[in-house]
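Here's the letter readout for the chains.
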Amino acid sequence: MSLLSSLKGKGPTGFGYGSTAEQVTEGLDLSGKRYLVTGVSSGLGAETARVLALRGATVVGLARSQEKADAAVASLGHEAVGVACELADPASVRAAVGTVLEGDTLDGIIANAGIMALPKLQQAHGYELQFFTNHIGHFLLVTGLLGHLRDGARVVMLSSAAHQMAPQGGIEFENLSGERAYTGWRAYGQAKLSNLLFARELSRRLEGSGKTANAVHPGVIATNLGRHMNPLMNVGMAVANPLFMKSIPEGAATQVYVAVHPDAASVSGEYWADCNLKGSSAYGRDLGLATRLWERSEAIAAEV
Ligand SMILES: NC(=O)c1ccc[n+]([C@@H]2O[C@H](COP(=O)([O-])OP(=O)(O)OC[C@H]3O[C@@H](n4cnc5c(N)ncnc54)[C@H](OP(=O)(O)O)[C@@H]3O)[C@@H](O)[C@H]2O)c1
């Protein structure tokens, strides 16, 4: 727990900056529930899976390879299932969808996996890699599983406060290759804005179904996500950690709260931080942009 965690109060939900995933699920019995979590091999995904399993849920844990997925779910107990899913490889994502469809239906999807601030432009299928991994990979996965969601199911997309670093216009539809004026943070901002807009548009498409879709900012937490940051920033993070940053159990709290807490059951199309509703950037509220991104993502999905 950082100094800030101990100073910041709670919000209207009764939870806040310093709440942990265990605290937001205290007293909940999730037996019989089944949740898919991506990026289960590290950081917030591993903690999310651990706490869901602790409360009795079955976890379908996705990681880049079968070995990583199996290792990640090995300690989760009873019925946890590991599935390989390399988000930058559409064939792998489609195979994962096929595997998940063979199993029982889902009460929720926590689209947690991600990469951040790649210093040099990298691409998959001609698209900038953070956009492709964080957004297109999850677009293929989640849309492939929509028919496999139980009544009341919840989709939770990991966005970030960094969605505010997205380029002018929000999404550079004419530069999704990233080749024009690439910077790692701007590309990450665009990818995280895409995760947020995906949740908004999915929520609109789920209207009347009883199913929900939301996006979350987990906080700033020292995890493997920082592996591509420049060393100076990592030194800054190490200094800031005990003062301002969240621990991993605190960082996983918002996504777990939105995925399972009864008070969040009927909230949809929102952006959350610190286990409470939060305003997003203007681009993050732009429903026209969300629809345009969805349509473009469908076109990319058809092409890759
Ligand atoms: N930590 C923060 O401060 C922070 C702040 C805002 C938002 N977020 C968001 O929170 C989410 C979780 O991040 P984290 O902090 O827990 O980071 P992390 O420890 O690096 O975990 C990221 C997970 O995503 C997986 N992953 C990365 N690329 C993948 C790919 N191509 N295919 C499949 N899985 C892939 C990683 O697998 P490998 O281990 O195999 O690479 C890992 O399991 C991310 O979406 C991130 O953008 C984090």
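For the structure itself, consult the block above.
Now for a quick tour of the structure. Predicted model, so just to flag it, every value in this text is computed and none were measured.

### Digging into the site of the ligand
Part 1 of the argument: The full set close to the ligand counts 28 residues, and Gly39, Gly43, Ala113, Gly114 and Thr223 are the nearest of them.
Part 2 of the argument: If one sorts the elements of the shell around the ligand by residue count, helix α3 (residues 43–54) sits on top with three residues.
Part 3 of the argument: When grouped by side-chain class, the residues that make up the shell around the ligand number 13 nonpolar, twelve polar and three charged.

### Regarding the sheet that holds strand β1 (residues 34–38)
Adjacent strands of a sheet form backbone hydrogen bonds with each other and so pair up, either parallel or antiparallel.
Part 1 of the argument: Spatial ordering of the open sheet is given by β3-β2-β1-β4-β7-β8-β9-β10, a layout of eight strands whose pairing is mixed. Looking at strand neighbours, the two that pair on one side only are β3 (81–84) and β10 (276–277), the edges of this open sheet.
Part 2 of the argument: Bridge count between strand β7 (residues 149–158) and strand β8 (residues 212–217): five bridges; the pairing is parallel. Residue arginine 154 lies in a different strand from β8, and its bridge partner there is threonine 212.
Part 3 of the argument: Across the face of the sheet, helix α4 (residues 66–73) comes into contact with β2 (58–63) and β3 while running at roughly 160° to β3.

### Observations regarding the pairing of strand β4 (residues 106–111)
Part 1 of the argument: Among the six residues of β4, six are classified as buried, and the element is accordingly described as predominantly covered.
Part 2 of the argument: Bridge count between β1 and β4: three bridges; the pairing is parallel. Pairing of leucine 36 across the sheet is with isoleucine 109, part of β4.
Part 3 of the argument: Sheet topology places β4 next to β7; five bridges connect them, and they run parallel. Bridge pairing in β7 links alanine 111 to methionine 157.

### Re the nonpolar core
Part 1 of the argument: Core analysis: the biggest nonpolar cluster contains 89 residues, and Val59 and Val256 have the highest contact counts within it.
Part 2 of the argument: Apart from residues lying up to four places away in sequence, valine 256 is in contact with Ala21, Val24, Thr25, Thr48, Val51 and Leu52.

### Notes on the pairing of β1
Part 1 of the argument: Most of β1 is tucked away: five of the five residues are buried.
Part 2 of the argument: Taking every second residue as pointing to the same face, both faces of β1 are buried, with Arg34, Leu36 and Thr38 on one and Tyr35 and Val37 on the other.
Part 3 of the argument: Pairing geometry for β1 and β2, over five bridges, is parallel. Considered in β2, the bridge of leucine 36 is made with valine 60.
Part 4 of the argument: In the classification by handedness, the crossover that spans β1, the intervening α3 and the parallel β2 is right-handed.

### Structural notes on the environment of glycine 103
Part 1 of the argument: Residue placement: glycine 103 occurs in the loop between α5 (90–102) and β4.
Part 2 of the argument: You can call glycine 103 partly exposed: it has 15 C-beta atoms within 10 Å.
Part 3 of the argument: Between the C-alpha atom of glycine 103 and that of glutamate 179, which follows or precedes it by 76 residues, the distance is 40 Å.
Part 4 of the argument: With residues near it in sequence (within four places) discarded, glycine 103 still touches Val60 and Val81.

### Here's the deal with the packing of helix α6 (residues 129–145) against helix α7 (residues 184–206)
When two helices pack together, you describe them by how their axes are tilted relative to each other and by the distance separating the axes.
Part 1 of the argument: Where α6 contacts α7, the axes come no closer than 8 Å and their chain directions differ by 15°. The angle between the axes of α6 and α7 places the two elements in the roughly parallel class. Considering only the axes of α6 and α7, their crossing is right-handed. In this structure, α6 contributes Gln130, Phe131, Asn134, His135 and Phe139 to the contact, and α7 contributes Ala187, Tyr188, Gln190, Ala191, Lys192, Ser194, Asn195 and Phe198.
Part 2 of the argument: When grouped by side-chain class, the residues that make up the contact of α6 with α7 number six nonpolar, six polar and one charged.

Criteria and cut-off values
Residues numbered from 1 in each chain as written. Predicted model: local features only at pLDDT ≥ 70, side-chain atom pairs only at ≥ 80, totals over all residues. Near = placed C-beta within 6 Å. Helix = DSSP H or I, 4+ residues; strand = E, 2+ residues; numbered from the N terminus. Nonpolar A, V, L, I, M, F, W, Y, C, P; charged D, E, K, R; others polar. Pairing = 2+ DSSP bridges. Contact = placed C-beta atoms within 7 Å. Axes fitted to C-alpha atoms, helices over the stretch in contact; angles between N-to-C directions. Buried ≥ 20, exposed ≤ 12 C-beta atoms within 10 Å, placed from the backbone. Core = buried A, V, L, I, M, F, W, Y, C linked by C-beta atoms within 7 Å. Right-handed = clockwise from strand over helix to strand, strands pointing away. Parallel < 35°, antiparallel > 145°, perpendicular 65-115°, else oblique. Left-handed = near helix turned anticlockwise from the far one by under 90°.

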